[in-house]
Each structure stands twice: as C-alpha cells, then as structure tokens.
Amino acid sequence: MGDNKINTVAVSGAGGFVGSHLTAYLQARGVTVLPLGRRHFTDAGAGELRSAVGQADAVVNLAGAPINHRWTESYKKELYASRIDTTRRLVDAIAASGGKVRVLCSASAVGYYSSHPTAGCNTEDSPEGMGFLAGLCRAWEDEARRAPEWCRTAVMRFGLVLSPDGGVLKALGLPTRLRFAAALGNGAQFFPWIDMRDLVRAAGFIMRNDGLDGVFNLVAPQVITNNEFTRALASSRRAWFTVKVPGILFRTALGEAASFVLSGQCVKPERLWQTGFRFRYPDIAASLER
C-alpha cells in the first residue's frame, strides 16, 4: 500500500460542516483545495467544473442537502438531486479529465445499514437496510462507482460527526446551557459517531494510500447508545441531570424523517482499522474533552 503525494484536491461541499474542516486540514498540510460550489453543478457551469476537476489529483464529494429536515415529497427530490445528480456530474468531469484524477473519495452515510442487524454490528459487508435513507445512500454510492477504472474510488459512510461548532453536538449541547442533557426517544438506539478530527484524518489517509478503495465506515470503534452519549455529554458539560425527549415530538415535527433521529445503526470501522488507521479519539469521553 503506497503513500501518494496529493497536491491538489477538488472538494464539492467545501463550504459545509465537514467540507470546511476537511479544507482546513488539507490546507494546513500544504494541499491546494479547489472548492466546488453550486454553480459548478449547473449546465452553465459544466465547463468550469471540468476545468477545476482537470487540475486535481483527488476529488472529494461531500455535497448534499441536510438530512435533518422534514421529508416531504419535494424535499426527498431535493435530497436525491443534491447527491445523485451532483455526483453524476462530478464523475462525468472525472472521466473527461483523461486520467489526471487518481482518486475519488465520495461521502455516504451509515444510514445505508439496518437498525436491526441480524448478526452483530454492521461492517462494510453488511447488507443494505430498508427505507428511504438506505435507498438514497445506495443510489448515491452507485453513482460514485461509475467513475472510470483508472480512478480509485472510495465510499466513506459517515456516522454522526461530532464537533462543537456544528452538527449534532452543537444541537444536543444546547440544553446543557441550562444544566441538563437530553436523550432522544427512549435513548436505547445505537449512536454511531466519529470525532471530526478523526474523520478528516481518515479521509486524508484513504486519499493518500493507493491501495485503498471500496467502502469504509467512518465511525469510532466504540459502540454506544444515545443514552450513553447523553450521560457522557452531561458529564463533560457538568449538567445536573438528563431527560428523555419523547419520540412522538420528533414524529410530529419531522414525520418520516424522525427515523433518522430515533433509529440508530450499530456500526464498526472494520476495514479502516484493518488498513492500519488509528483513531486519536476512540471513545466518547476523549472526544468530548475540549
């Protein structure tokens, strides 16, 4: 497994939550980042997209509308278009680069898996789950796999990404200002998570090593439930007590999308660990100590 020098990376979704952290991580290591914005993924911007991708050694695909939103039929179409259509245009641009792009790292999510695996925790070989989110992830990944054979393709299935400046930790940390922490529903659902600092390191690791392709679960090795996460958050923020927010409130507010909040997947980073990557924040207590 070789360690390749990556000089220039084109990143879709570079201004988003994960994209901004990954951009900062790469730039701190001397990598030139070419941010790909919405204009690149229009008919008018097709030429600009091909030009940007044609300058890159690697492409990272992070674009996608937020999942934590009520899934109306129109929003489902937006979720689909913002992932599948964007990835299709990106892959076509890679094909047009004539072999310049050496690797595509494309995001997906652990929502691909079932919340009730038949045998232990889900690993990269586990089957697809049921429902809209699993189908969305499958279609997203299938589009990335259309990349030319000469472009190494890695699918990164993200867990819940923890960083104090955004995402789930910022939202769930709000009640701790009032000295309590809130578990979601009954709290017994699995909470597949990863520290943002490990996520960007893992993405860089996959990008640089030319023997790595296929699917990688980007989750911490520690398997916890929402209740366990809530207790750890309460301890780190010195909250006085924890409460449970009834699931019916999420179902009323989010409808079908409540399944994203109230169901969780048991997932392990089997392939990432086997490749030699080591987490700096492998347990939730270490991650929350900031």
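For the structure, see preceding data.
Remember, it's a predicted structure, so these values are computed and weren't measured experimentally.

A. A look at the sheet that holds strand E5 (residues 152–158). Ordered by their spatial adjacency, 6 strands build an open sheet running E2-E1-E3-E4-E5-E9, and the pairing between neighbours is parallel. Strand pairing shows two members of the sheet lacking a second neighbour, strand E2 (32–36) and strand E9 (214–218), which therefore form its edges. Sheet twist, expressed as the average angle between the axes of neighbouring strands with direction ignored, equals 20°. Strand direction decides the pairing type here: strand E1 (residues 8–12) and strand E3 (residues 58–61), joined by 4 bridges, are parallel. Each residue of the ladder has a partner; that of Ala-10, found in E3, is Val-59. Set on the sheet, helix H6 (residues 196–208) makes contact with E1, E3, strand E4 (103–109), E5 and E9; between it and E5 the angle comes to about 165°.

B. Focus on the state of the cysteines. For the coordinates displayed, the defined rule picks out 1 disulfide. The partner cysteine of Cys-121 in its disulfide is Cys-266, sulfur to sulfur 1.7 Å. You can see Cys-121 sitting in the loop between E4 and helix H4 (132–144) and its partner Cys-266 sitting in the loop between helix H9 (258–262) and helix H10 (270–274), a full 145 residues away along the chain. Like Cys-121, the residue Cys-266 is buried in the burial classification. Cysteine Cys-105 shares no disulfide, and the gap to the nearest cysteine sulfur, in Cys-151, comes to 8.8 Å. Taking the relative accessible area as the measure of exposure, Cys-105 reaches 1% and is therefore buried.

C. Main features of the pattern of salt bridges. Enumeration over the complete set of coordinates arrives at 16 salt bridges. With a shortest N-O distance of 2.6 Å, Glu-128 and Arg-138 are connected by a salt bridge. Of the two residues, Glu-128 is situated in the loop between E4 and H4 and Arg-138 in helix H4; the sequence distance between them amounts to 10 residues. Classification of Arg-138 as partly exposed rests on a relative accessible area of 36%.

D. The arrangement of the side chain of Thr-86 in detail. Mapped onto the elements of the fold, Thr-86 is located in helix H3 (residues 73–96). Using a relative accessible area of 11% as the deciding quantity, one classes Thr-86 as buried. Looking at Thr-86, its side chain comes within polar contact range of the main-chain oxygen of Ser-82, at 3.1 Å. Excluding its chain neighbours within four sequence positions, the residues that come into contact with Thr-86 are Phe-41, Asn-61, Ala-63 and Ala-81.

E. Representation of helix H1 (residues 17–27) within the structure. Of all the positions in H1, only Val-18, Gly-19, Leu-22, Thr-23, Tyr-25 and Leu-26 are classed as buried. Seen from one end, H1 has its buried residues packed into an arc of 165°, which puts them on one side.

F. Representation of the packing of helix H2 (residues 46–53) against H3 in the model. Running from amino to carboxyl end, H2 crosses H3 at an angle of 55°, the nearest separation of the two axes being 9 Å. In terms of orientation, H2 and H3 fall into the oblique class. The element H2 and its partner H3 pack so that their crossing is right-handed. On H3, the residues touching Leu-49, Arg-50 and Val-53 of H2 are Arg-89, Leu-90, Ala-93, Ile-94 and Ala-96. In terms of residue class, the contact of H2 with H3 is made up of 6 nonpolar, no polar and 2 charged.

G. Quick look at the pairing of E1. Burial of E1 is extensive: 5 of the 5 residues sit out of reach of the surface. Burial along E1 is two-sided: Thr-8, Ala-10 and Ser-12 and Val-9 and Val-11, pointing in opposite directions, are all buried. Here E1 pairs with E2 via 5 bridges, running parallel. Looking across to E2, one finds that Ala-10 is bridged to Leu-34. Read as a crossover between parallel neighbours, the route from E1 over H1 to E2 is right-handed.

H. Quick look at the packing of H3 against H4. At a closest axis distance of 8 Å, the pairing of H3 and H4 adopts a crossing angle of 15°. Classed by the angle they form, the pair H3 and H4 counts as roughly parallel. Considering only the axes of H3 and H4, their crossing is right-handed. Residues Lys-76, Leu-79, Tyr-80, Arg-83, Ile-84, Thr-87, Arg-88 and Val-91 of H3 touch H4, and the partners they reach there are Phe-132, Leu-136, Ala-139, Trp-140, Glu-143 and Ala-144. Looking at side-chain class alone, the contact of H3 with H4 contains 9 nonpolar, 1 polar and 4 charged residues.

What counts and what doesn't
Residues numbered from 1 in each chain as written. Predicted model: local features only at pLDDT ≥ 70, side-chain atom pairs only at ≥ 80, totals over all residues. Heavy atoms only, no water. Pairing = 2+ DSSP bridges. Helix = DSSP H or I, 4+ residues; strand = E, 2+ residues; numbered from the N terminus. Axes fitted to C-alpha atoms, helices over the stretch in contact; angles between N-to-C directions. Contact = heavy atoms within 4.5 Å. Disulfide = S-S within 2.5 Å. Buried < 20%, exposed > 50% of the residue type's maximum accessible area, 1.4 Å probe, protein only. Salt bridge = Lys/Arg side-chain N within 4 Å of Asp/Glu carboxyl O. Polar contact = N/O pair within 3.5 Å; in protein donor to acceptor, adjacent residues only side chain to side chain. Arc of directions from axis to C-beta. Parallel < 35°, antiparallel > 145°, perpendicular 65-115°, else oblique. Left-handed = near helix turned anticlockwise from the far one by under 90°. Nonpolar A, V, L, I, M, F, W, Y, C, P; charged D, E, K, R; others polar. Right-handed = clockwise from strand over helix to strand, strands pointing away.

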